[in-house]
Amino acid sequence: MSQSDANAPKKRGIFAWYFESSLLWRIMIALVLGSVLGIILPQNATVGDTTWVSILTPFGDLFVRMLKMIMVPVIVCSLIIGTSSIDPAHLGKVGVKTIIFYAITTLFAIAIGLACGLIFSPGSGLELDAAKAVEKSANAPAMSQILLNIIPTNPFEAIVKGEILPIIAFCIFVGIGLAYCKSSDDERIARSAETVYAFFDGMSEIMFKVIRWVMQYAPIGVFALMFVVFNKAGIGAISSLLTVTIALYVELAVQVFAIYCVVCMLIGINPAKFLKKVRAPMLTAFVTRSSNGTLPITMRTADEEMGIPKSIYGFVLPVGATVNMNGTTVYLGVCTLFIANACGIDLTAQNYFTIIITSMLAAIGTAGVPGAGALMLLLILESVGISVTGTVAVAYGMILGIDAILDMGRTSMNVTGDVVASLYVAKTEGKLDASKWEN
Ligand code: ASP
């Protein structure tokens, strides 16, 4: 850049004020504005011959369509990158122990999520549109078929049809294969695998760029979706959003005490001391809403505060920030129930089973960045046959409106889950520096 370019006043387009203000604030303002206007204007208020609801509905639908557009490419890239980042050299005792620990805690998190979701029953009584109640497929397949269907006979057909579980399974296989090829002794294989890795890495960066653009539209989409909800459902929708938020935070608290503190007690660590030491990463995750962004703080805490050796946290924490998302799985369970309740959709036992499996796998594909879990929610809904259109899109939009608040809590739990895992592995491997826990 020449000196004169550098000194030239920066050109400010007419929308500069929009792009330069904080996205989070814009979404919050859109949420409030859409809700308030939706409540104030009488139901079915018109402008000319058309109702405000029908004018604004396409603006909300556009947002949901853009999110759906990037859903499959994001999952494919994030999953392949996520699974291939597990170095096979670490897949010894520590690796296997870590992955089993992650799988078990994730399963517990999903169970807690669904149990509390059933207790709180968020979204019940909202009755967005009872007539559209059964939008999902009537003939749910048997459990054995659901499990079998996870393995695609033709992965490309699964991608074209947007069949989520088979896509996830295929990408996990490809990711693990890629991890092994990258560390192959054969130079040719290692080089080509690095190229493939670089391709997916580049693709996932491109997808994140696209997501950022889509999110610039989010305030308009959220405004439209909120207006439609509140104009149809009235003030009662506020209490539904409040219930879903409270349900999520109660569940996250249950997770801390029923899983993390219990694990600490089982390995002889004082839970109160653990909670005190883990405060810094928890708080950082809460404000940044990013597991990846919190990683340096998480590592420092593991090292300096908890006495976990680098050989363990250096593997467990980065893998955890990529594949272990306990808070996100809880969120997926609660929000799926919220949407199903709000739209009057009865979930069957098979649906619950599918939610459990998909949430576990979706957690692996959730990137540790703000808002990634909301995209996965789309995936869970599609996997149980709930098509995200019409009233379902409206209920999904309600969740998007408050996603930042939900993301803070779930990211905090994602990070805490990673710390507990590294503590567990270090302690059971006899490598924890006990002096850090003495007083
Ligand atoms: N923000 C979360 C994280 O970074 C992911 C999510 O959106 O659920 O862990």
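Notes on the structure in this doc start here. (Residues numbered from 1 in each chain as written. Predicted model: local features only at pLDDT ≥ 70, side-chain atom pairs only at ≥ 80, totals over all residues. Heavy atoms only, no water.)

**Focus: helix H8 (residues 164–182)**
Helical geometry note: an α-helix holds 3.6 residues per turn, so side chains three or four residues apart project in the same direction. Definition in use: The way it works is that DSSP assigns letters per residue, a run of H or I at least four long becomes a helix, a run of E at least two long becomes a strand, and they are numbered from the N terminus. To estimate the expected span of a helix, subtract one from its residue number and multiply by 1.5 Å. Relative accessibility decides the category of a residue: with a 1.4 Å probe and only protein chains considered, values under 20% of the type maximum give buried, values over 50% give exposed, and everything between is partly exposed.
For H8, with 19 residues, the first-to-last C-alpha span of 26 Å sits near the 27 Å given by 1.5 Å per residue. Of the residues making up H8, those classed as buried are Ile164, Leu165, Pro166, Ile167, Ile168, Ala169, Cys171, Ile172, Gly175, Leu178 and Ala179.

**Observations concerning the nonpolar core**
Selection rule: Definition of nonpolar core: a set of buried residues of the types Ala, Val, Leu, Ile, Met, Phe, Trp, Tyr and Cys, connected through side-chain atoms within 4.5 Å. Contacts were defined at the residue level, with two residues in contact if any of their heavy atoms lie within 4.5 Å.
Grouped together as the largest cluster of nonpolar side chains are 136 residues, with contacts concentrated most on Phe274, Ile339, Tyr396 and Leu423. No other element matches the 18 residues that helix H9 (residues 187–233) contributes to this core. Contact partners of Leu423, with chain neighbours within four places excluded, come to Cys264, Ile267, Ile269, Phe274, Met306, Ile308, Leu432 and Trp437.

**Things to note about the packing of helix H15 (residues 326–342) against helix H16 (residues 349–365)**
Spelled out, the test is: Fitted lines through C-alpha atoms serve as axes, helices being fitted only where they are in contact, and the angles separating the N-to-C directions of these axes extend from 0 to 180 degrees. Crossing handedness: left-handed means the near helix sits turned counterclockwise from the far one by under a right angle, and right-handed means the same turn made clockwise. In this classification, Asp, Glu, Lys and Arg are treated as charged, Ala, Val, Leu, Ile, Met, Phe, Trp, Tyr, Cys and Pro as nonpolar, and every other residue, Gly included, as polar.
Orientation of H15 relative to H16, taken along the N-to-C sense of each, is 145°, at an axis distance of 9 Å. Considering only the axes of H15 and H16, their crossing is right-handed. Two secondary-structure elements touch here, H15 through Thr329, Leu332, Thr336 and Leu337 and H16 through Tyr352, Ile355, Ser359, Ala362 and Ala363. Here the contact of H15 with H16 is built from residues that sort into 6 nonpolar, 3 polar and no charged.

**A closer look at the site of the ligand**
Just so we agree on the cut-off: Whether a residue is near a molecule or strand depends on its heavy atoms: it is near if one of them lies within 4 Å of it. As used in this structure description, the phrase polar contact means that two N or O atoms lie within 3.5 Å; if the pair is within protein, one of them must be able to donate a hydrogen and the other to accept it, and residues adjacent in sequence are counted only when both atoms belong to side chains. Shrake-Rupley sampling with a 1.4 Å probe provides the accessible areas, and residues are treated as covered by the protein chains on show and by no other component.
Surveying the vicinity of the ligand reveals 17 residues, the closest of which are Ser291, Thr328, Gly373, Asp407 and Arg410. The separation between a nitrogen atom of the ligand and a polar main-chain atom of Val369 is 3.0 Å. The separation between a nitrogen atom of the ligand and a polar side-chain atom of Asp407 is 2.8 Å. For the ligand, whose accessible area on its own is 270 Å², the fraction buried by protein is 100%. Secondary structure elements with two or more residues in the shell around the ligand: helix H17 (372–383) and helix H19 (403–428). Ranked by the residues each element gives to the shell around the ligand, the list is headed by H19, at 4 residues.

**Topic: unusual backbone geometry**
Positive phi values are uncommon outside glycine, yet Ser121 reaches one of about 45°. In this structure, Ser121 sits in the loop between helix H5 (93–120) and helix H6 (143–149). A positive phi angle, near 55°, is found at Arg289, a position not held by glycine. Relative to the helices and strands, Arg289 is located in the loop between helix H12 (279–288) and helix H13 (291–305).

**Structural notes on the pattern of salt bridges**
Stated precisely, the cut-off is as follows: In the sections that follow, a salt bridge refers to a side-chain nitrogen of Lys or Arg positioned within 4 Å of a carboxyl oxygen of Asp or Glu.
Following the criterion strictly, the structure yields 8 salt bridges and no others. Note that Lys97 is salt-bridged to Glu429, the shortest N-O span being 2.7 Å. Here Lys97, found in helix H5, pairs with Glu429, found in the segment after H19; they are 332 residues apart in sequence, far enough to count as distant. Taking the shortest distance from any N to any O, the salt bridge between Asp403 and Arg410 comes out at 3.1 Å. Members of the salt-bridge network, linked through shared partners, are Arg289, Asp403, Asp407 and Arg410.

**A word on the state of the cysteines**
Put simply, the rule reads: Disulfides are defined in this document as cysteine sulfur pairs within 2.5 Å.
All told, the structure shown has 0 disulfides when counted by the stated rule. Considering cysteine sulfurs only, Cys171 is the nearest to Cys181, which forms no disulfide, with 16 Å between them. Free of any disulfide, Cys261 has its nearest cysteine sulfur in Cys264, 6.0 Å distant. The exposure class assigned to Cys261 is buried, which follows from its relative accessible area of 6%.

**Some details on the packing of aromatic side chains**
In plain terms, the rule: In summary, the pairing rule links any two rings of Phe, Tyr or Trp, Trp by its six-membered ring, whose centres are within 6.5 Å, and it sorts them by plane angle into stacked for under 30 degrees, edge-to-face for over 60 and tilted for everything else. Counted as over-ring charges are cases with an Arg CZ or a Lys NZ within 6 Å of the ring centre that also lie within 35 degrees of the ring normal.
By the definition in use, this model includes 4 aromatic pairs. Seen from their ring centres, Phe199 and Phe200 are 5.1 Å apart, and the 75° between their planes marks the pair as edge-to-face. Residue class for Phe200 comes out buried when judged on its relative accessible area of 16%. A cation over a ring is seen here: Arg410 above Tyr331, with NZ or CZ 3.9 Å from the ring centre.

**Side note on a nonpolar patch on the surface**
So the rule is basically this: Nonpolar side chains (Val, Leu, Ile, Met, Phe, Trp, Tyr) are joined into patches within 5 Å and like charges within 9 Å, using only residues with over 30% relative accessible area and no salt bridge.
Nonpolar side chains collect at one region of the surface, where Trp25, Ile29, Leu33 and Leu37 lie side by side and expose about 430 Å² of accessible area between them. Looking at the element boundaries, Leu33 is found in helix H3 (residues 23–40). For Leu33, a relative accessible area of 47% gives the class partly exposed.

**Thoughts on the environment of Tyr102**
Inspection of the secondary structure assignment puts Tyr102 in helix H5. For the pair Tyr102 and Met325, spaced 223 residues apart in sequence, the C-alpha separation works out to 8.7 Å. Once you skip the residues sitting within four places of it in the chain, Tyr102 turns out to touch Val316, Val319, Gly320, Val323, Asn324, Gly417, Asp418 and Ala421.

**Quick look at the side chain of Ser204**
Along the chain, Ser204 turns up in helix H9. Classification of Ser204 by relative accessible area gives buried; the value is 7%. Once residues lying within four places of it in the same chain are set aside, the contact partners of Ser204 are Cys77 and Ile81.

**Brief notes about the side chain of Lys97**
Taking relative accessible area as the criterion, Lys97 reaches 19% and is therefore assigned buried. Separated by 3.0 Å, the side chains of Lys97 and Thr428 make a polar contact. Apart from residues lying up to four places away in sequence, Lys97 is in contact with Tyr424, Val425, Thr428 and Glu429.

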